[in-house]
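Read off the chains here:
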Amino acid sequence: MAFTAGGGSRAVSAQSDFWAVLRRPGSFALIRHATAPGTNDPPGFRLEDCATQRNLSAEGRAQASRVGDLFRTNSIAKAEVYSSQWCRCLDTASLMKLGEVRPQPLLNSFFQDRSREAAQIEALRQWIGQLDLAKPAVFVTHQVVVTAISQIFPGSGEIVVMQRMAGGQLSVQGRLPTA
């Protein structure tokens, strides 16, 4: 089920449903970091040094703020916020202003080392399975992680709502592009 960000009462109704699902216990939002021009990171980048990474553009910083505004407009003023350790994800999460940002290595990119994907995604699924999802939860991460969990190729800043089902299965409930 896809929800769009604009146009007509049908879209407004779909957006209302999208946010209602996200407010439901057991749901969480996967968000690809906001706009950071380019692809991949430069050779020799270091997580602890933002100057060596691909970072948010001015538009990306504005987009991250707008994403936070979307949450607040739809009655989610606070959330449990987890982020990849990459600066563009931490910055997206911080600029959303939904709560304390907790770095979570399981949300890190494996784009440059696909051999890590299977083990990391399995560990991420297990972590999500143990997480208290009584309150809204937001995971800011990378395209490869969102795609591995949801089978959706998200745009920058796109929100994918997932539901943890009985037995630990994760189910896509909707998506909302924000660019």
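Residues numbered from 1 in each chain as written. Predicted model: local features only at pLDDT ≥ 70, side-chain atom pairs only at ≥ 80, totals over all residues. Heavy atoms only, no water.

**Describing helix H2 (residues 58–73)**
Its 16 residues give H2 an end-to-end C-alpha distance of 23 Å, which sits within 8% of 22 Å, the value for a rise of 1.5 Å per residue. Those residues of H2 that fall on the buried side of the exposure criterion are Gly60, Gln63, Ala64, Val67, Gly68 and Phe71. For H2, the angular spread of the buried residues around the axis is 140°, confining them to a single face. Seen from the buried face of H2, the exposed residues on the opposite side, beyond 90 degrees, are Ala58 and Thr73. Two residues or fewer past H2, Ser75 is found with a positive phi of approximately 65°. (Helix = DSSP H or I, 4+ residues; strand = E, 2+ residues; numbered from the N terminus. Expected span 1.5 Å × (residues − 1). Buried < 20%, exposed > 50% of the residue type's maximum accessible area, 1.4 Å probe, protein only. Arc of directions from axis to C-beta.)

**Considerations on the sheet that holds strand S4 (residues 137–141)**
Pairing within the open sheet is mixed, and its six strands lie in the order S3-S2-S4-S1-S5-S6. Edge strands, defined here as strands with exactly one partner in the open sheet, are strand S3 (101–103) and strand S6 (170–176). The sheet shows a mean angle of 25° between the axes of neighbouring strands, taken without regard to direction. Taken together, the three bridges between strand S2 (residues 80–83) and S3 define a ladder with parallel strand orientation. Counterpart to Ser83 in the pairing with S3 is Pro103. Of the strands in this sheet, strand S1 (27–32), S2, S3 and S4 are in contact with helix H3 (residues 87–96), which crosses S4 at around 145°. The strands touched by helix H4 (residues 117–130) are S1, S2, S4, strand S5 (159–164) and S6; relative to S5, the strand with the most contacts, the crossing angle is about 65°. (Pairing = 2+ DSSP bridges. Axes fitted to C-alpha atoms, helices over the stretch in contact; angles between N-to-C directions. Contact = heavy atoms within 4.5 Å.)

**Notes on the packing of aromatic side chains**
Enumeration according to the criterion identifies seven aromatic pairs in this entry. With a centroid separation of 5.1 Å and an interplanar angle of 80°, the aromatic rings of Phe18 and Trp19 are classed as edge-to-face. Each member of the pair, Phe18 as well as Trp19, carries the same accessibility label: buried. Judged by centre distance (5.4 Å) and plane angle (50°), the ring pair of Trp127 and Phe139 falls under tilted. Of this pair, Trp127 sits in helix H4 while Phe139 is found in strand S4, placing the two residues 12 residues apart along the sequence. An aromatic cluster is defined as three or more aromatic residues linked by ring pairs; in this entry it consists of Phe28, Tyr82, Trp127 and Phe139. (Phe/Tyr/Trp six-rings, centres within 6.5 Å; stacked < 30°, edge-to-face > 60°.)

**Remarks on the side chain of Ser150**
With respect to the helices and strands, the residue Ser150 is situated in helix H5 (residues 143–150). From its side chain, Ser150 meets the backbone nitrogen of Ile152 in a polar contact 3.1 Å long. Apart from residues no more than four positions distant in its own chain, Ser150 is found in contact with Val160, Met162 and Val172. (Polar contact = N/O pair within 3.5 Å; in protein donor to acceptor, adjacent residues only side chain to side chain.)

**Here we look at the packing of H4 against H5**
In contact at an axis separation of 11 Å, H4 and H5 are set at 70° when each is read in the N-to-C sense. With respect to H5, the element H4 is oriented roughly perpendicular. Of the two elements, H4 crosses H5, and the hand of that crossing is right-handed. Between H4, through Glu117, Gln120, Ile121, Leu124 and Arg125, and H5, the contact on the second element is made entirely by Val145, Ala148 and Ile149. Split by residue class, the contact of H4 with H5 holds five nonpolar, one polar and two charged. (Parallel < 35°, antiparallel > 145°, perpendicular 65-115°, else oblique. Left-handed = near helix turned anticlockwise from the far one by under 90°. Nonpolar A, V, L, I, M, F, W, Y, C, P; charged D, E, K, R; others polar.)

**Overview of the state of the cysteines**
Tallied over the entire structure, the rule returns one disulfide. Each sulfur in the disulfide pair Cys50 and Cys87 lies 1.9 Å from the other. Between Cys50 and Cys87, the disulfide has an S-S torsion of -80° and is therefore left-handed. Remark: Cys87 occurs in helix H3 and Cys50 occurs in the loop between S1 and H2; sequence separation between them is 37 residues. The exposure class of Cys87 is buried, given its relative accessible area of 4%. No disulfide involves Cys89; its sulfur sits 9.4 Å from that of Cys87, the nearest cysteine. (Disulfide = S-S within 2.5 Å.)

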